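Breakdown of the fold
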Amino acid sequence: MLAEHFSYVNYCFLFLFVFEMVLKLIGQRKYYFYNKWNLLDFAIILISIADSISDLVTNCESVNFQFNIFRIIRVIRLFRCVRLMKWIFVFLHKIIRDLINKSVCSGYDIGIGFVVASDEVIAHLDHIVAYKECRGVFEEKLMAVRKDVGNSLGKVRKEFPGIAIAINTKQVMRLILNKGRDTTWQLLHDGLVEEFD
């Protein structure tokens, strides 16, 4: 039962590989045979087709006759798997790199937001904390954390300059848009512009 399922899976993969080979032959024509990987694929697929036909014709379970040479040559299929693994590693590397960039980008954005917010808090600390002793302790702790975040942001700027530039540009655009919005509200409030303007 399990062997039957494996043989169906084998036929499915063989069909996919043959389909890939035919598409490459149509697209590349005679240049298909100039690539050594394509020659290896071509040989492996021909051997696989011969092996599959031998399985169908001789039903190896009921007859003791086996094409041992085809069984041994099946090991050559591993070369095809190795070639496929190369593409899998490239794909996984791209996914991991994208995930790291997204994480670093989010962390850098949060760090910049923290620095801006801590500057605002320190500027208005007199209005936030009434007791002078508490204000001093709070400012000291906030400045220590701000320094750590600033050091981390400096490391990110050094290691990922593209991300730092993108986030800084986004922060500046956000600042410009917020300033424009505040100015527009102030002009509306003062009656210097109409709402439809």
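Refer to the structure presented above.
1. Here's the deal with the nonpolar core
If you look at the biggest cluster of nonpolar residues, it comprises ten residues: V104, Y108, I112, V115, V149, L153, V156, I163, A164 and I167. Listing elements by their share of this core, those giving two or more residues are α4 (77-123), α6 (132-159) and α7 (161-190). Per-element tally for this core: the top contributor is α4, with four residues. In this structure V149 touches G111, F114 and V115, once residues within four positions along its chain are discounted.

2. Digging into unusual backbone geometry
Although it is not a glycine, R29 adopts a positive phi angle of roughly 50°. Within the fold, R29 resides in the loop between α1 (2-28) and α2 (36-58). R29 sits in the exposed class, given a relative accessible area of 61%.

3. Points about the pattern of salt bridges
Applying the stated criterion across every chain, the model contains five salt bridges. D98 is the salt-bridge partner of K94, the closest N and O atoms lying 3.1 Å from each other. Remark: D98 and K94 occur in helix α4; sequence separation between them is four residues, near one turn of the helix. On the accessibility criterion, K94 (43% relative accessible area) is partly exposed. The partner of D119 in a salt bridge is R146, with the nearest N and O atoms 2.7 Å apart. One end of the pair, D119, is in helix α4; the other, R146, is in helix α6, with 27 residues separating them in the sequence. Judged by relative accessible area, D119 falls into the partly exposed class, the value being 36%. Here R146 falls in the partly exposed class, since its relative accessible area comes to 24%.

What counts, and where the lines are drawn
The residue numbers shown here count from 1 along each chain, following its written sequence. Only residues with pLDDT of at least 70 get local features here, since the model is predicted, and only at 80 or more are side-chain atom pairs given and counted; chain-wide, interface and lining totals rely on the full set of residues. Only hydrogens and water are set aside; all other atoms, that is, all heavy atoms of the structure, feed into the side-chain values. Residues enter a nonpolar core if they are buried and are Ala, Val, Leu, Ile, Met, Phe, Trp, Tyr or Cys, with the set joined through side-chain atoms within 4.5 Å. For every residue, the accessible area (1.4 Å probe, protein chains only) is compared with the maximum for its type, and the residue is labelled buried under 20%, exposed over 50%, or partly exposed between those bounds. Each helix corresponds to a stretch of at least 4 residues labelled H or I by DSSP, and each strand to a stretch of at least 2 residues labelled E; elements are numbered beginning at the N terminus. Throughout, a contact is declared for two residues whenever any of their heavy atoms are within 4.5 Å. Within this document, salt bridges are pairs made up of a side-chain nitrogen of Lys or Arg and a carboxyl oxygen of Asp or Glu, the two lying within 4 Å of each other.

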